[in-house]
Amino acid sequence: MDFVSAENFIINKQSLGIMPGLSRIEKLLCKMGNPQENLKIIHVAGTNGKGSVASMIASALQKAGFKTGLFTSPWVIEYREQIKINGKMISKIDFAKYVSQYKDSDATEFELLTGIMYKYFADEAVDYAVVECGMGGLEDSTNAFSHPEIAVITSVAMDHMNFLGTTLNEIASQKAGIIKKNSICVLYHNSGCESVFEKRCRETGSKLVKISDYGDFRLNNLKTAEAVLNCLNVTATVDFPQLPARTEKVSSDVMIDGAHNENGAFALEKALPQGEITAVMGMMADKDFDAYLKIIAPHCKKIITTTPSNPRALSADELAKAAKKYCNDVTAVSNPQKALLLARQNCKFLLVCGSFYLARDISCLLYTSPSPRDR
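**Quick notes on the packing of helix 1 (residues 3-12) against helix 4 (residues 92-102)**
Remark: helix 1 packs on helix 4, axes separated minimally by 8 Å, with the N-to-C direction vectors making an angle of 55°. Between helix 1 and helix 4, the crossing angle belongs to the class labelled oblique. Where helix 1 crosses over helix 4, the two elements pack in a sense that is left-handed. Note on element contacts: helix 4 touches helix 1 through K92, F95, A96 and V99, opposite F3, A6, E7, F9 and I10. When the residues that make up the contact of helix 1 with helix 4 are grouped by side-chain class, the tally is seven nonpolar, no polar and two charged.

Structural data, given as structure tokens:
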């Protein structure tokens, strides 16, 4: 199996959907020889900021001289970007090898990816594996190991309610599932649900390190990462990362952001420029899109709604109907590429937002095309 075949195979497994639970991943990891048990895992869960915090930790550990694996999701530009060692993606040859070897396993796309990540990191003998949860924590496939070096909880908010619960405490309880017996938990400031993590730490006999609120989500993320390094007795400078589709300035007048909930919208709002903004926006139907629109849409002079390539996507027409409550100029264009081309006409600042799937759909155009002002 070559890389293209392997990539197509694993992506096509997305048709199985999201299937919480550890039984399938545990069987797969057992088949692999339980590589996860040979790793020092820094496990990161949360609703917002977990990708940034995980990247900060991994980068600092690498600077300190440690061979560091990093697992993040979702991907935006290239599928392999989810699995890295010291900032370098898993090779196409290695990726194809692992997919070919374990393709017949009973596993979802994310479960197979998780298994490959643990096997690859163990085979490469990383000093630390910084692992971002996919969704939740307790039943997330990344949680199929016995003991973390540190469990990290970032900002917790309402998201994935159809899987994780309908209240903040219920969602927090799922995230708290990564805190295991006699471990250490570093907790981002979460005033609405900290009692859930305090209780979990008492039940498991784990040490809780709470981060104060510094009044800014980026600084809170930074302090969370610094606390993790302090717990590891590692001295290294922590820097803010620039990750794909996280308030990313592709050029001086193009920004792309994949945040899709209320907290993510507040973070994006702080990064928006003054002046006329044209937005290409796509969202998933299972998100609280109205709460997102209420924050972002009033900043936009014009919005082109579109339909990301995902079965859970909200249609462009439905999103347009919701967006018209907050913006006077809204047009629905179902095809993401066509929506982008329309948005570029007479555009002073282009914002692509609402979904990582949308970012992925048009990344080939966003990262190669000239900015609106340069055309």
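Following the structure, the description resumes.
**Quick notes on the environment of L222**
Along the chain, L222 turns up in helix 9 (residues 217-231). Look at L222 and you get buried, because its relative accessible area is 10%. Sequence separation between L222 and I11 is 211 residues, and the spatial gap between their C-alpha atoms is 33 Å. The contacts of L222, once residues within four sequence positions are left out, are M56, V238 and F240.

**Brief notes about the sheet that holds strand 6 (residues 150-153)**
Ordered by their spatial adjacency, eight strands build an open sheet running 4-3-2-5-1-6-7-8, and the pairing between neighbours is mixed. Taken across any chain shown, the strands that pair with only one partner, and hence form the sheet edges, are strand 4 (88-89) and strand 8 (207-210). Pairing between strand 1 (residues 41-45) and strand 6: four bridges, direction parallel. Directly across from A45, in strand 6, lies its bridge partner I153. Relative to the sheet, helix 8 (residues 194-204) contacts strand 6, strand 7 (184-187) and strand 8, its axis offset from that of strand 8 by approximately 155°.

**Focus: the packing of aromatic side chains**
Per the counting criterion, the structure on display carries eight aromatic pairs. Geometrically, the ring pair formed by Y98 and Y120 is edge-to-face, given 6.1 Å between the ring centres and 70° between the ring planes. Of this pair, Y98 sits in helix 4 while Y120 is found in helix 5 (residues 109-123), placing the two residues 22 residues apart along the sequence. For the pair Y120 and F121, a centre-to-centre distance of 6.1 Å together with 40° between the ring planes defines the contact as tilted. For F121, a relative accessible area of 0% gives the class buried.

**Some words on the pairing of strand 5 (residues 128-132)**
Among the five residues of strand 5, five are classified as buried, and the element is accordingly described as predominantly covered. In this structure, strand 1 lies alongside strand 5, joined through four bridges in parallel fashion. Bridge assignment links H43 to a residue of strand 5, and that residue is V131. Summarising the sheet, strand 2 (residues 68-71) and strand 5 pair through four bridges and their orientation is parallel.

So, how was this worked out
Residues numbered from 1 in each chain as written. Predicted model: local features only at pLDDT ≥ 70, side-chain atom pairs only at ≥ 80, totals over all residues. Heavy atoms only, no water. Axes fitted to C-alpha atoms, helices over the stretch in contact; angles between N-to-C directions. Helix = DSSP H or I, 4+ residues; strand = E, 2+ residues; numbered from the N terminus. Parallel < 35°, antiparallel > 145°, perpendicular 65-115°, else oblique. Left-handed = near helix turned anticlockwise from the far one by under 90°. Contact = heavy atoms within 4.5 Å. Nonpolar A, V, L, I, M, F, W, Y, C, P; charged D, E, K, R; others polar. Buried < 20%, exposed > 50% of the residue type's maximum accessible area, 1.4 Å probe, protein only. Pairing = 2+ DSSP bridges. Phe/Tyr/Trp six-rings, centres within 6.5 Å; stacked < 30°, edge-to-face > 60°.

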